[in-house]
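So you can see what is in the structure, the chains are spelled out below.
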Amino acid sequence: MIPTPFTVQHYTFVAGAKDAHGNPIVTYTPLLTAPGIDRKVAGWSGASTAEPPLAGHDRVVVDLELMVPKGFPARARDKIRIADPAVAGLYEVVGDPRDFTASPFNGPLGRGWGYVLTLRRVDG
C-alpha cells in the first residue's frame, strides 16, 4: 500500500441542489465555509500556472495532480483544500480520477497503488 503522509480536506459536490425557491444552486457537503472532511493522500505534483497574455488581465489558473490511495471518494466537481503553503488553496477536481490500480508496475501480486486526480484553482 502506498504511504499517505499528507492530509487534505474534501468537499463533495451536491448534484441537483436547489434553493428555497426551487432554483438550481451549486453547493457542497460540508459547506465550503466549514472545515472539509480530512482525507489522507500520498502527495501532489508541483503546481503549474497559466496566465492569459492579455494586457490588464489578472487571472491565474493553477493546476496540479493529487496522488491518492485506492478508494479515495473524490469525483469531478468536488473541491479539495490543500493547506501546504507552496500550493495552498481550494481546488476543483477536474474530470474523473485516473486509475493506476491495473498498472503492470504494481508488483508480483498486481495490487494497484491508487488514483491521480487533476485539480484546478482559478484566481482573479
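To be clear, the structure that these remarks concern was listed above.
Described below are features of the structure shown in this document. Everything quoted here is computed from the prediction, not taken from an experiment.

**What about the packing of aromatic side chains?**
- Overall, the coordinates contain 2 aromatic pairs when judged by the stated rule.
- With a centroid separation of 5.1 Å and an interplanar angle of 50°, the aromatic rings of Phe-6 and Trp-44 are classed as tilted. Here the residue Phe-6 occupies a position in strand E1 (residues 6-13), and Trp-44 occupies one in strand E4 (residues 43-44), the gap between them amounting to 38 residues.

**Notes on the pattern of salt bridges**
- Per the stated rule, a full pass over the model turns up 4 salt bridges.
- One salt bridge in this structure joins Asp-63 and Arg-120, with 2.7 Å as the shortest N-O distance. With a gap of 57 residues between them, Asp-63 in strand E6 (residues 60-69) and Arg-120 in strand E9 (residues 114-123) connect regions that are remote in the sequence.
- One salt bridge connects Glu-65 with Arg-98, and the closest N-O pair in it is separated by 2.4 Å. Of this pair, Glu-65 sits in strand E6 while Arg-98 is found in strand E8 (residues 89-99), placing the two residues 33 residues apart along the sequence.
- Note on Glu-65: relative accessible area 34%, which makes it partly exposed.

**Some remarks on the side chain of Thr-27**
- Residue position: Thr-27 is located in the loop between E1 and strand E2 (28-29).
- Setting aside residues up to four positions removed in sequence, Thr-27 forms contacts with Thr-12, Phe-13, Val-14 and Ala-17.

**Observations concerning unusual backbone geometry**
- Here the residue pair Thr-29 and Pro-30 is connected by a cis peptide bond, since its omega of -10° sits within 30 degrees of zero.
- By secondary structure assignment, the location of Pro-30 is in the loop between E2 and strand E3 (37-41).
- The backbone of Arg-77 shows a phi angle near 80°, a positive value even though the residue is not glycine.
- As for its position among the elements, Arg-77 is in the loop between E6 and strand E7 (79-82).
- For Arg-77, a relative accessible area of 39% puts it in the partly exposed group.

About the criteria used
- Residues numbered from 1 in each chain as written.
- Predicted model: local features only at pLDDT ≥ 70, side-chain atom pairs only at ≥ 80, totals over all residues.
- Heavy atoms only, no water.
- Phe/Tyr/Trp six-rings, centres within 6.5 Å; stacked < 30°, edge-to-face > 60°.
- Helix = DSSP H or I, 4+ residues; strand = E, 2+ residues; numbered from the N terminus.
- Salt bridge = Lys/Arg side-chain N within 4 Å of Asp/Glu carboxyl O.
- Buried < 20%, exposed > 50% of the residue type's maximum accessible area, 1.4 Å probe, protein only.
- Contact = heavy atoms within 4.5 Å.

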